[in-house]
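What follows is the residue order along each chain.
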Amino acid sequence: MAAFRSLILSSHPVPTAAVTAFAAGLGALAGLRIGTGALVTAAVFFGQLTIGWSNDAIDFERDRVNDRTDKPVAEGDISRRAVAVAAWAAGILTAALSIILAIGLGWPAGIAPVVIAVSGLLYNFGAKATAWSWLPYAMAFGSLPAAATLALPVHAWPVWWAVVAGALLGVAAHFANVLPDLIADERTGVRGLPHRLGSVVSAIAGPFLLMSATLVILFGSAERPDRWRILAAVAFAAIAAVGARVGVKSPGRRELFIAMIGLAGAAIALFALSGASLVG
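This is a predicted model, so every value here is computed, not measured. As a convention, each chain's residues are numbered from 1 in the sequence order in which they are written. Where local features are concerned, this predicted model is filtered to residues with pLDDT of at least 70; where side-chain atom pairs are given and counted, the filter is 80 or more; whole-chain, interface and lining totals use all residues. Calculated side-chain values reflect all of the structure's heavy atoms, with hydrogen atoms and water omitted.

A. The overall build of the protein chain, seen in detail. Numbering goes from the N terminus for both helices and strands, where a helix is a DSSP run of H or I of at least four residues and a strand is a run of E of at least two. In terms of helices and strands, the protein chain carries 14 helices and zero strands. When the helices and strands of the protein chain are listed from N to C terminus, the series reads α-α-α-α-α-α-α-α-α-α-α-α-α-α. Here the protein chain has a C-alpha radius of gyration of 19 Å; the compact-globule value for 280 residues is 19 Å, and the two agree. Across its three principal axes, the protein chain shows a C-alpha extent of roughly 55 × 45 × 35 Å. Going through the 280 residues of the protein chain one by one, you find that 50% of them count as buried. Once local pairs closer than 6 in sequence are excluded, the contacts in the protein chain between residues at least 24 apart make up 75%. Two things to know: the radius of gyration comes from C-alpha atoms, and the globule rule equals 2.2 Å times the number of residues to the power 0.38. Note on exposure labels: buried denotes an accessible area under 20% of the residue type's maximum, exposed denotes more than 50%, and partly exposed covers the range between, all computed with a 1.4 Å probe on protein chains only. Residue contacts are defined here by distance: any two heavy atoms, one from each residue, within 4.5 Å place the two residues in contact.

B. Representation of the packing of aromatic side chains in the model. When two rings of Phe, Tyr or Trp (its six-membered ring) have centres within 6.5 Å they constitute a pair, described as stacked for plane angles under 30 degrees, edge-to-face for angles over 60, and tilted for the intermediate range. Counting across every chain of the model gives four aromatic pairs. Aromatic side chains Y123 and Y137 sit 5.2 Å apart centroid to centroid with 90° between the ring planes, which places their arrangement in the edge-to-face category. Here Y123 is found in helix α7 (residues 107-124), whereas its partner Y137 is found in helix α8 (residues 134-149), with 14 residues between them in sequence. Exposure remark for Y137: the relative accessible area of 16% places this residue in the buried category. Here the aromatic residues Y123, Y137 and F141 are joined through ring pairs into a cluster of three or more.

C. Here's a closer look at helix α9 (residues 160-178). Expected helix span is computed as 1.5 Å times (number of residues minus one). Counted at 1.5 Å a residue, the expected span for α9 with its 19 residues is 27 Å, and the 28 Å between its end C-alpha atoms agrees. Most of α9 is tucked away, with 15 of its 19 residues classed as buried.

D. The nonpolar core, seen in detail. Take the buried Ala, Val, Leu, Ile, Met, Phe, Trp, Tyr and Cys residues and link them wherever side-chain atoms come within 4.5 Å; each set so joined is a nonpolar core. By size, the foremost hydrophobic cluster in this structure holds 61 residues, and its most contacted members are F22, F141, L144 and L278. The element contributing the most residues to this core is α9, with 12 residues.

E. Quick look at unusual backbone geometry. At H12, a residue that is not glycine, the phi angle is positive and equals roughly 60°. On the secondary structure map, H12 appears in the loop between α1 (2-9) and α2 (13-30). In the Ramachandran plot, D67 falls in the positive-phi region, its phi being about 55° despite a non-glycine side chain. Counting through the fold element by element, D67 comes out in the loop between α4 (60-65) and α5 (72-75).

F. Up close: the pattern of salt bridges. Any carboxyl oxygen of Asp or Glu that lies within 4 Å of a side-chain nitrogen of Lys or Arg is treated as forming a salt bridge with it. Scanning the model with the defined rule gives seven salt bridges in all. Of the charged contacts in the structure, one is a salt bridge between D59 and K128, with a shortest N-O distance of 2.5 Å. With D59 in the loop between α3 (34-58) and α4 and K128 in the loop between α7 and α8, this residue pair connects regions lying 69 residues apart in the sequence. For K128, a relative accessible area of 10% gives the class buried.

G. Local environment of the packing of α8 against α9. Two numbers describe how α8 lies on α9: the axes approach to 7 Å, and their chain directions differ by 140°. Judged by the inter-axis angle, α8 sits oblique to α9. Relative to α9, the crossing made by α8 is right-handed. Where α8 approaches α9, its residues W134, Y137, A138, F141, G142 and P145 are matched on the opposing element by A162, V163, G166, A167, L169, G170, V171, A173, H174 and N177. For the contact of α8 with α9, a count of residues per class yields 11 nonpolar, five polar and no charged. Every axis corresponds to a line fitted to the C-alpha atoms, with the helix fit spanning only the stretch in contact, and the corresponding angles, defined between N-to-C directions, vary from 0 to 180 degrees. When an angle is under 35 degrees it counts as roughly parallel; over 145 it counts as roughly antiparallel; between 65 and 115 it counts as roughly perpendicular; any other value is oblique. We call a crossing left-handed when the near helix sits turned anticlockwise from the far one by less than a right angle, and right-handed when that turn is clockwise. Throughout this entry, Asp, Glu, Lys and Arg are counted as charged residues, while Ala, Val, Leu, Ile, Met, Phe, Trp, Tyr, Cys and Pro are counted as nonpolar. The remaining residues, Gly among them, count as polar.

H. Spatial organisation of the side chain of N66. Looking at where N66 falls in the secondary structure, it is placed in the loop between α4 and α5. Judged by relative accessible area, which is 12%, N66 ranks as buried. Here A184 takes part through its backbone oxygen, which lies 3.2 Å from a polar atom of the side chain of N66. Those residues in contact with N66 that sit more than four places away from it in its chain are A184, D185, R187 and T188. By the criterion applied in these results, polar contacts are pairs of N or O atoms within 3.5 Å in which, for protein atoms, one can donate a hydrogen and the other can accept it, and in which residues neighboring in sequence qualify only through two side-chain atoms.

I. Local environment of the environment of A42. Here A42 is to be found in helix α3. Sequence-wise, A42 and S98 are 56 residues apart; in three dimensions their C-alpha atoms are separated by 9.5 Å.

J. Region of interest: the environment of A237. Tracing the backbone shows A237 in helix α13 (residues 227-249). With relative accessibility at 29%, the residue A237 sits in the partly exposed group. Note: C-alpha distance between A237 and A42 (195 residues apart in sequence) is 34 Å.

In structure tokens, the structure reads:
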């Protein structure tokens, strides 16, 4: 049980669960059949496990140098080999489910989950240490709506604003996720875009990008700005300002990342309530 618990913790359970939930929600909003939606969600889920486990296996030395007590591999609670094997197994399952989707619904249905998984792997295998560290997040989150709409019986691209909002949410998540580790990362040679911009700019950028994504969802899905959309936009702007203040004063707190995931879910819920179509 202890080894299983360590394996779960090494999978980055919070972002894995959040992205999987987003995929399931978008599938429902797109009108996927239950079986198809389950396949798409499972493919995204195993892709996230691949990303999480490979991240801890690749960053083993860095995490140990930085004394990351939240990383079971660095703490010696589970072997690096076990996590690497788990990443390979999850990757094979991601590919298998994507192939099943491609065979049953056509190749467009199978390609989006692969793009999401590959984007995360690109980040793990080097992009995280470059000025382009934001791009894999933008690609992965921007592809989530396509994972749903391309699995429809008649393949359809998602509406433009859903892709833009997804990409903005992804980059916002990147800033919030990296913010607590800026100093530790630089000690081990990781200098992504947030590291280059600094903690203050990054703390402001994350909530600002989240607010921008929310505005795109609220007003991109509407023919005219209803009163409730304007009130929701004001509320999100106020929350973003509070989040930026917290991030600037306490950049080491991980609660900001979790809060931003919750707010991203709230933004998607607002879209669901609006009754707008996800299909372009």
